[in-house]
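# Close look at the chain arrangement
Each chain, written out:
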Amino acid sequence: MSSSFDDFGVTVSDVQGLFSSYLHSRILFVLCHAIHTCIFVVALYYIVESRLDRKQLAFAIIITFLWCSDTVIMGMEWRDLDNLLIRHGESLQSEFDHYMFDYAITPMATNVLRGLDVILADMVLIWRCWTMYGHNWKLAVGPSLFLITETISFIFILLSDSDDDGWIGLATVNWVLVYYTMTVVTNTVCTALILYRMLRFNDAGVSIRTYRGIIELLVESAVVYSLIYITLLVVYAYEFYTPDLPFMRWYFYPQVLSWSITGITPTLIIIRAMAGHNRANMQPSILHAKSMGAALLRPKTQSGGELITADIQVDLEAARNALTHEELQKWSSEVMIIENL
């Protein structure tokens with residue numbers, strides 16, 4: 001079926017801008033997938049080096065599925081790009097006809113993979129939030145309910161795509177917008193809880209005054225993950241409900257970023273968990289012992305200069321378990337002084 005640009009109320013510059021954004025966004029997707037691949041390789045290294053138990057095996061399955069899913073989606077997108085701009089690239093008109101009549105239908109398998117990726121990523125984020133608060137299930141109830149609503153809306157998206165006759169009645173609701181909204185709510189709540197935990201116990205090793213502290217905040221709290229999905233939601237809602245825009249061209253960029261960040265964020269969180277950087281997931285009592293351990297391990301003196309030993313009420317073995325390797329080296333001399341008293 002052939003049509004002219006006037007039949008759809010668009011100009012040549014509109015179509016050129018659409019295909020330009022489409023091509024550049026897919027190039028961006030490839031670059032992001034390369035970053036995802038590098039992070040995935042590092043994660044596999046930690047899995048091989050660590051003792052493989054049930055927890056490590058679950059981590060390996062999750063990050064492998066996320067990377068394989070991202071790879072499959074990238075292959076499908078480039079296959080469609082080749083079909084659009086090369087096989088039907090005789091003219092701008094032929095590309096436009098293929099895009100409007102043959103290309104607009106997204107394969108069901110691609111949608112399923114994208115939805116499963118988001119659900120798995122949010123599950124990892126909820127798990128991280130749960131562990132950071134000392135396995136307090138009450139704080140995980142809210143994000144879990146949001147995740148269930150997100151999953152239901154994703155199922156409705158799949159049903160509405162296959163509901164050609166409209167007998168189910170799902171086409172009357174923009175379930176994509178509902179799905180993005182619930183995704184944003186889920187990861188934003190988890191991110192806020194994790195940020196509060198890390199900033200509240202800043203003396204436990206996370207300092208926002210250093211580059212390392214900033215990176216820890218960005219990685220552990222999944223701030224970038226939340227910001228990208230917030231941007232995706234805003235751009236999608238704006239372009240979808242603005243009648244003057246002929247195409248949703250700017251939506252391509254946050255869309256492809258969300259595909260990659262959905263796999264990158266849980267992989268980074270799992271890397272930190274496997275590498276042993278879990279200072280923020282301790283119980284409050286341990287956090288307090290750790291924050292006070294350094295002060296208690298210092299020998300105190302009276303006004304006359306004599307050492308006070310009776311006032312130091314600390315279990316040295318528990319303090320060793322609470323402190324990290326670097327902090328143990330830092331306070332090793334003071335520990336030896338106390339033990340020799």
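This text gives an overview of the structure that appears in the document. (Residues numbered from 1 in each chain as written. Predicted model: local features only at pLDDT ≥ 70, side-chain atom pairs only at ≥ 80, totals over all residues. Heavy atoms only, no water.)

### Description of unusual backbone geometry
Definition in use: Only protein chains enter the calculation, and the probe is 1.4 Å; a residue is then buried if its accessible area is under 20% of its type maximum, exposed if over 50%, and partly exposed in between.
Backbone geometry places His135, a non-glycine residue, at a positive phi of 60°. Judged by its relative accessible area of 47%, His135 is partly exposed.

### Considering the packing of helix α4 (residues 108–132) against helix α6 (residues 175–200)
Test applied: Axis angles are defined between N-to-C directions and span 0 to 180 degrees, where every axis is a line fitted to C-alpha atoms and, for a helix, only to the segment in contact. Helix and strand assignments come from DSSP, with helices taken as H or I runs of at least 4 residues and strands as E runs of at least 2, each series counted from the N terminus. Roughly parallel means an angle under 35 degrees; roughly antiparallel means over 145; roughly perpendicular covers 65 to 115; every other angle is labelled oblique. Helix crossings are classified by the rotation of the near helix relative to the far one: an anticlockwise turn of less than a right angle makes the crossing left-handed, while a clockwise turn makes it right-handed. The contact rule is simple, with two residues in contact once any of their heavy atoms fall within 4.5 Å. Under the scheme applied here, ten amino acids are nonpolar (Ala, Val, Leu, Ile, Met, Phe, Trp, Tyr, Cys and Pro), four are charged (Asp, Glu, Lys and Arg), and all others, including Gly, are polar.
Relative to each other, α4 and α6 sit at 25°, their axes nearing to 10 Å. With respect to α6, the element α4 is oriented roughly parallel. Relative to α6, the crossing made by α4 is left-handed. Taken together, the residues of α6 that come into contact with α4 (itself represented by Arg114, Gly115, Val118, Asp122, Leu125, Ile126, Arg128, Cys129 and Met132) are Tyr179, Thr183, Thr186, Asn187, Cys190, Thr191, Leu193, Ile194, Arg197 and Met198. Each residue belonging to the contact of α4 with α6 can be placed in one class, and the counts come to ten nonpolar, five polar and four charged.

### Digging into a nonpolar patch on the surface
Short version of the rule: Put simply, a patch holds well-exposed residues, over 30% relative accessible area, that have no salt bridge, with like charges counted together within 9 Å and Val, Leu, Ile, Met, Phe, Trp or Tyr side chains within 5 Å. Each accessible area is a Shrake-Rupley result for a 1.4 Å probe, and residues are judged covered by the shown protein chains and nothing else. We count a salt bridge whenever a side-chain nitrogen from Lys or Arg sits within 4 Å of a carboxyl oxygen from Asp or Glu.
Together, Trp130, Trp137, Val141, Leu145, Ile148 and Ile152 line one region of the surface with nonpolar side chains, adding up to about 580 Å² of accessible area. Of the residues forming the nonpolar patch, the biggest block, five residues, is contributed by helix α5 (residues 137–162). As for its position among the elements, Ile148 is in helix α5.

### Quick word on the packing of aromatic side chains
Counted only if it meets this: The criterion for an aromatic pair is that two Phe, Tyr or Trp rings (for Trp, the six-membered ring) have centres within 6.5 Å, with stacked assigned to planes under 30 degrees apart, edge-to-face to planes over 60 apart and tilted to the rest.
Here the structure, examined in full by the defined rule, presents 14 aromatic pairs. With a centroid separation of 5.1 Å and an interplanar angle of 65°, the aromatic rings of Tyr225 and Tyr229 are classed as edge-to-face. Placement of both Tyr225 and Tyr229 in helix α8 (residues 223–240) is noted, with a separation of four residues, approximately one turn of the helix. This pair shows no difference in class: Tyr225 is buried, exactly as Tyr229 is. Summarising the aromatic geometry, the rings of Tyr236 and Tyr251 are spaced 5.4 Å apart at their centres and angled 55° between planes, so their arrangement reads as tilted.

### What to know about the pattern of salt bridges
Scanning the model with the defined rule gives four salt bridges in all. Across the salt bridge formed by Arg79 and Asp80, the nearest N and O atoms sit 3.1 Å from each other. A relative accessible area of 49% means that Arg79 is categorised as partly exposed. It is possible to trace a salt-bridge network through shared partners that takes in Arg26, Glu77 and Arg114.

### A closer look at the nonpolar core
Inclusion rule: Buried Ala, Val, Leu, Ile, Met, Phe, Trp, Tyr and Cys residues form a nonpolar core when they are joined through side-chain atoms within 4.5 Å.
Judged by nonpolar contacts, the single largest core of 46 residues is most densely connected at Leu125, Tyr180, Tyr225 and Tyr229. Elements supplying a minimum of two residues to this core: α1 (12–49), α2 (54–87), α4, α5, α6, α8 and α9 (252–275). Those residues in contact with Tyr229, other than ones at most four positions away along the chain, are Val118, Thr183, Val184, Asn187, Ser258, Ile261 and Thr262. Of all hydrophobic cores here, the second largest spans twelve residues; its members include Phe19, Tyr22, Leu81 and Phe96.

Honestly, it's all geometry; don't read function into it.
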